[in-house]
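Descriptive structure summary
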Amino acid sequence: VPETARPAVTAALAAAHEGPTLLVAPSPGRAQALTEELALFAGHFPVARLPEREGLPYEFARSDIAVAVERARALEMLRGTDAALVVASWAALSERIAGPEAEAAGTDLALGGSAGPGGLARALEANGYEVTHIADRPGTLSRRGGIVDVCPASGDSAYRVEFFGDSVESIRELDIATQRSVRRLERVHFPSAATGTIQAREAARWLLERIATDGE
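As the structure is a prediction and not an experimental result, all values here were calculated from the model.

Okay, the overall build of the chain next. The helix and strand inventory of the chain stands at 7 helices and 11 strands. Out of the 216 residues belonging to the chain, those deemed buried represent 38%. Restricting to contacts in the chain with at least 6 residues of sequence separation, those with at least 24 account for 59%.

This paragraph deals with the sheet that holds strand S2 (residues 47–50). Judged by pairing direction, the sheet is parallel, and its 3 strands sit side by side in the order S1-S3-S2 without closing on themselves. The strands lining the two open edges of the sheet, one partner per strand, are strand S1 (20–25) and S2. For this sheet the average axis-to-axis angle between neighbouring strands, irrespective of direction, equals 25°. Note that S1 and strand S3 (residues 84–89) share 6 bridges and pair parallel. Directly across from leucine 23, in S3, lies its bridge partner valine 87.

This part covers the side chain of serine 170. Structurally, serine 170 is set in strand S9 (residues 167–174). For serine 170, a relative accessible area of 7% translates into the label buried.

Take the packing of aromatic side chains next. Under the definition given, this model contains 1 aromatic pair. Their ring planes at 65° and their centres at 6.0 Å tell us that tyrosine 159 and phenylalanine 190 sit as a pair that is edge-to-face. Pair noted here: tyrosine 159 is in strand S8 (residues 158–164) and phenylalanine 190 is in strand S11 (residues 187–191), with a separation of 31 residues, a long-range link. According to the relative accessible area criterion, tyrosine 159 is buried, its value standing at 12%. Here phenylalanine 190 falls in the buried class, since its relative accessible area comes to 0%.

Bringing helix H1 (residues 6–16) into the picture now. Three or more residues of H1 are buried, namely Pro7, Ala11 and Ala14. The buried side chains of H1 occupy one side of the element, clustering within an arc of 65° when seen end-on. Opposite its buried face, H1 presents the exposed residues Leu13 and Ala16, each directed more than 90 degrees away. Contacts from the buried residues of H1 go to S1, helix H2 (28–42) and S3.

Looking now at the environment of alanine 14. Looking at where alanine 14 falls in the secondary structure, it is placed in helix H1. Judged by relative accessible area, alanine 14 falls into the buried class, the value being 2%. It is 8.9 Å that separates the C-alpha atoms of alanine 14 and phenylalanine 45, two residues lying 31 residues apart in sequence. Not counting chain neighbours up to four residues away, the residues in contact with alanine 14 comprise Thr21, Phe45, Ala83 and Leu85.

Moving on, we come to a nonpolar patch on the surface. Taken together, the side chains of Leu22, Val24 and Leu93 present a nonpolar region at the surface, about 240 Å² in accessible area. Secondary-structure assignment places valine 24 in strand S1. Looking at valine 24, the relative accessible area reads 47%, which means it is partly exposed.

A full pass over the atoms with the stated rule returns 7 salt bridges. Close ionic contact of arginine 137 with glutamate 130 constitutes a salt bridge, the shortest N to O distance being 3.5 Å. With relative accessibility at 32%, the residue glutamate 130 sits in the partly exposed group. Aspartate 149 is the salt-bridge partner of arginine 144, the closest N and O atoms lying 3.4 Å from each other. Ionic contacts of the salt-bridge type, sharing partners, join the residues Arg144, Asp149 and Arg160 into one network.

Procedures and definitions
Residues numbered from 1 in each chain as written. Predicted model: local features only at pLDDT ≥ 70, side-chain atom pairs only at ≥ 80, totals over all residues. Heavy atoms only, no water. Helix = DSSP H or I, 4+ residues; strand = E, 2+ residues; numbered from the N terminus. Buried < 20%, exposed > 50% of the residue type's maximum accessible area, 1.4 Å probe, protein only. Contact = heavy atoms within 4.5 Å. Pairing = 2+ DSSP bridges. Axes fitted to C-alpha atoms, helices over the stretch in contact; angles between N-to-C directions. Phe/Tyr/Trp six-rings, centres within 6.5 Å; stacked < 30°, edge-to-face > 60°. Arc of directions from axis to C-beta. Patch = residues over 30% accessible without salt bridge, like charges linked within 9 Å, V, L, I, M, F, W, Y side chains within 5 Å. Areas by Shrake-Rupley, 256 points an atom, 1.4 Å probe, with all protein chains shown as cover. Salt bridge = Lys/Arg side-chain N within 4 Å of Asp/Glu carboxyl O.

Listed below in structure tokens is the structure:
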């Protein structure tokens, strides 16, 4: 197959396959280029890249929320049964992560629930969400008193949860661009935005708090 035709042929083969397809690239740069090329021929067929963490091997650093969300989305596609194409470099595949149970974990919320705004925020933060002033990016949340806005790791839309005391009074889907309510819901599931277990992240946070700034 000619080099110029390979993206189109690859996209066609993956679309015809019953289930997800993994395409391994020789380098991170080539993986990024292939993802962009394949997206041109995929149409409505989902294409994602499994990104590499930006830190060096054995480097102790906080994970970038955008990378974590992108990894979680790609891994979710690979776990699924629908046709999809995921591009990954050898570096991305060599990274150790928690099992599917950690990826599939999330936070469920329903009207009348008693999580409380603080409890919901803590649960989401434990699942890899970043606390920001405005929840307008996948994997972020913001809180203003008894109102918690969440933009799930899936990035499909945003949600506003309003509490009366600790009880969930309303759950509304929001338009991210206008922040206007789209519809009311009785329940919602917020998928995890992390690729590690809660215990591992708590241990890492505990160690980070105890490491001196001079590295000793």
